[in-house]
Amino acid sequence: MKLHHLGIDVVDLDKSTEYVQSTYQARFLFETTFGEETIRFFQLKEFMLELIDHSVKERLSCHIAWEVDSIDHIFNHISSKDEKKIKGPYQFENGWTSIFLELNEELYVEWVEEPLI
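Since the model is a prediction, treat every value here as computed from it, not as a measurement. The written sequence of each chain sets the order in which its residues are numbered from 1. Local features in this predicted model are restricted to residues whose pLDDT is 70 or higher, and side-chain atom pairs enter the listing and the counts only when it is 80 or higher, whereas totals over whole chains, interfaces and linings include all residues. Note that water and hydrogens are dropped before the side-chain values are worked out from all heavy atoms of the structure.

### Digging into the pairing of strand β5 (residues 62-67)
Here is the rule: A pair of strands is labelled paired if DSSP reports no fewer than 2 bridges between them. In this text, helices come from DSSP runs of H or I with a minimum length of four residues, and strands from runs of E with a minimum of two, each type numbered from the N-terminal end.
As paired elements, strand β1 (residues 2-10) and β5 share six bridges and run antiparallel to each other. Bridge pairing links Leu-6 to Ile-64 in β5. In the sheet, β5 pairs with strand β8 (residues 107-113) via six bridges, with the strands oriented parallel. Each bridged residue has a counterpart across the sheet, and for His-63 the counterpart in β8 is Tyr-108.

Here it is as structure tokens:
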């Protein structure tokens, strides 16, 4: 398992985009939507950063995403007390499959399986 990306909710997606690109020379990778959320991914040297537009959300959250070989393997190792906190699996346009474990309202853990190329 290795770090895939860090995800952060932001209240102004355009302003946050400008900040990470000018301050950290982050390279824009792609934009997607998930439900009503607009999400942008950036490359920052060794890892990706995910900015999630939450301009109307009262509480902002963040998550760490781990790249795994198999989402099924993660499902098989989740404790029964955590099963009810799992959201997903979700399939994204770029082929990624992911699940989320909600630790509390502000913190999530995500596991991402990328398609084999």
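Next comes the rest of the description.
### Considering the confidence of the model for the protein
Do not read the predicted coordinates in detail wherever pLDDT is low. Test applied: Scored between 0 and 100, pLDDT is the confidence that the predictor attaches to each residue.
On average, residues of the protein score 90 in pLDDT, and 98% of them are at 70 or above. Within the protein, the element-level pLDDT minimum falls on helix α3 (residues 80-83), averaging 77, and the maximum on helix α1 (residues 13-24), averaging 96.

### Some points on the nonpolar core
Note the threshold: For this analysis, a nonpolar core means a set of buried residues of the types Ala, Val, Leu, Ile, Met, Phe, Trp, Tyr and Cys, connected via side-chain atoms within 4.5 Å. A simple rule labels every residue: compare its accessible area, found with a 1.4 Å probe on the protein chains alone, to the largest value its type can have, and call it buried under 20%, exposed over 50%, or partly exposed in between. We call two residues in contact whenever any of their non-hydrogen atoms come within 4.5 Å of each other.
In this structure, Val-68, Ile-71, Ile-74, Ile-78, Ile-86, Ile-99, Leu-101, Val-109 and Trp-111 together form the largest nonpolar core, which totals nine residues. Contacts of Trp-111, omitting those with residues within four sequence positions, involve Met-1, Trp-66, Val-68, Ile-71, Ile-74, Ile-86, Thr-97, Ser-98, Ile-99 and Leu-101.

### What about the sheet that holds strand β6 (residues 86-91)?
The strands making up a sheet associate through hydrogen bonds between their backbones, and the pairing can be parallel or antiparallel. Selection rule: Whenever a helix is involved, its axis is fitted only over the stretch in contact; in every case the axis is a line through C-alpha atoms, and angles between N-to-C directions fall within 0 to 180 degrees.
Sheet architecture is open: eight strands sit in the order β2-β3-β4-β1-β5-β8-β7-β6, paired in mixed fashion. If you trace the sheet from one side to the other, it starts and ends with β2 (27-34) and β6, each paired once. On average, each strand axis in the sheet is inclined to that of its neighbour by 20 degrees, with strand direction left out of account. Sitting on the sheet, α1 touches β1, β2, β3 (37-44) and β4 (47-53), and the angle it makes with β3 is about 0 degrees.

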